[in-house]
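# Fold and geometry: a report
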Amino acid sequence: MIKQELLHEGKAKVLYKTQDKNLLISEFKDDLTAGNAAKKGNEKGKGILNCKISTQLFELLEKHGIKTHLVKMLNDNHQLIKKVDIIMIEVVVRNIATGSLTKRLGVEDGTVLPFALVEFYYKEDALNDPILNDEHCIMMDLVKSESDLKELKRLGREINSILKMFFVKRRLNLVDFKVEFGVDNRGNILLADEISPDSCRFWDMDTNEKLDKDVFRQNLGNVKVAYQEILNRVLK
Ligand code: UDP
């Protein structure tokens, strides 16, 4: 499969068409952004690390019965994926309070939540990805029906259970993460986009060290060292 015309360039990936209208190639970029591009950076090799981490995690989720857009990894920073219509809702799942949740509700940073909290955000940079409730999602036509919202929540929780257990064994706390879904040409909801330290928070269970994009956002050290550590543990 070879790259044809560019279809879409996002903050972290570029999508290309292929000879097959149902398949795309996703190229993982080295670019990093924080706070909706308020801060930008570039770490050579970050794209390769995220492509490898995300491929491993999508394969893990597939093994546990979650349908994803991934066909296969083509090389270090390219995946072959199924074409889907992206649902414009970012599904965030949280196990520990931090980030925007603590700012918005005043919950103390680091509080272990009594259950996995699922939130929806509108995937719209121009509006700074505002939080949505179920009625907003329906009113904005972001999904077809309330049952799709239920399914997004169910999938978010299921993905969380699988990943949380996987990372506990690797001495990492999966603090929170964001996932995106798409609808394929047969109407199936597939996990899409990526799961990487760009979209998850990982805290070392022994040292509490942050090993994710917050290293970049908060200038805590070397981003690539942190992401490489995540890949090493994923591969353990
Ligand atoms: N997240 C993301 N993309 C976004 C917003 C959030 O991948 O556009 C991820 C983020 O990395 C974290 C989780 O979603 O793992 C929750 O983020 P939060 O709402 O706390 O916002 P933040 O503090 O990251 O701005």
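Residues numbered from 1 in each chain as written. Predicted model: local features only at pLDDT ≥ 70, side-chain atom pairs only at ≥ 80, totals over all residues. Heavy atoms only, no water.

### Quick word on the sheet that holds strand E2 (residues 13-17)
Pairing is antiparallel across the open sheet formed by 5 strands, whose spatial order is E1-E2-E3-E7-E6. If you trace the sheet from one side to the other, it starts and ends with strand E1 (6-9) and strand E6 (70-75), each paired once. Taken pair by pair, the neighbouring strands of this sheet meet at an average axis angle of 25°, ignoring direction. Relative to strand E7 (residues 78-82), E6 runs antiparallel, the two sharing 4 bridges. What sits directly across from Met73, in E7, is Gln79. Contacts from helix H1 (residues 46-63) reach strand E3 (23-28), E6 and E7 within the one sheet, and its direction differs from that of E6 by about 150°. (Pairing = 2+ DSSP bridges. Helix = DSSP H or I, 4+ residues; strand = E, 2+ residues; numbered from the N terminus. Axes fitted to C-alpha atoms, helices over the stretch in contact; angles between N-to-C directions. Contact = heavy atoms within 4.5 Å.)

### Overview of the site of the ligand
The immediate surroundings of the ligand are formed by 16 residues, with Arg94, Ser100, Asp176, Arg201 and Arg217 found nearest. At a separation of 2.5 Å, an oxygen atom of the ligand approaches a polar side-chain atom of Ser100. Counting residues per element, the ones that place at least two in the shell around the ligand are strand E9 (89-96), helix H2 (99-105), strand E12 (172-183) and strand E14 (200-204). (Near = heavy atom within 4 Å. Polar contact = N/O pair within 3.5 Å; in protein donor to acceptor, adjacent residues only side chain to side chain.)

### Let's talk about the side chain of Glu180
Looking at the secondary structure, you find Glu180 in strand E12. On the basis of relative accessibility, which here comes to 4%, the residue Glu180 falls in the buried class. One polar contact links Glu180 to Lys123, side chain to side chain, over a distance of 3.3 Å. Within the structure, the side chain of Glu180 is placed 2.8 Å from the side chain of Lys178, a separation counted as a polar contact. Setting aside residues no more than four positions away along its own chain, Glu180 makes contact with Ile86, Glu90, Lys123, Leu190, Leu191, Ala192 and Asp193. (Buried < 20%, exposed > 50% of the residue type's maximum accessible area, 1.4 Å probe, protein only.)

### Thoughts on H1
With 18 residues, H1 extends 26 Å between its outermost C-alpha atoms, agreeing within 8% with the 26 Å of an ideal straight helix rising 1.5 Å per residue. The complete set of buried residues in H1 reads Lys46, Gly47, Leu49, Asn50, Cys51, Ile53, Ser54, Thr55, Leu57, Phe58, Leu60 and Leu61. One or two positions beyond H1, positive phi appears at Gly65, with a value near 90°. (Expected span 1.5 Å × (residues − 1).)

### Observations concerning the pattern of salt bridges
Taken as a whole, this structure holds 24 salt bridges when the rule is applied. Here Asp176 makes a salt bridge to Arg201, at a shortest N to O gap of 2.9 Å. With Asp176 in strand E12 and Arg201 in strand E14, this pair connects stretches of sequence that are 25 residues apart. Each member of the pair, Asp176 as well as Arg201, is classed as buried. A salt bridge links Lys178 to Glu180; its shortest N-O distance comes to 2.8 Å. A cluster of three or more residues bridged by salt bridges with shared partners is formed by Arg94, Arg104, Glu119, Asp176, Arg201, Asp214 and Arg217. (Salt bridge = Lys/Arg side-chain N within 4 Å of Asp/Glu carboxyl O.)

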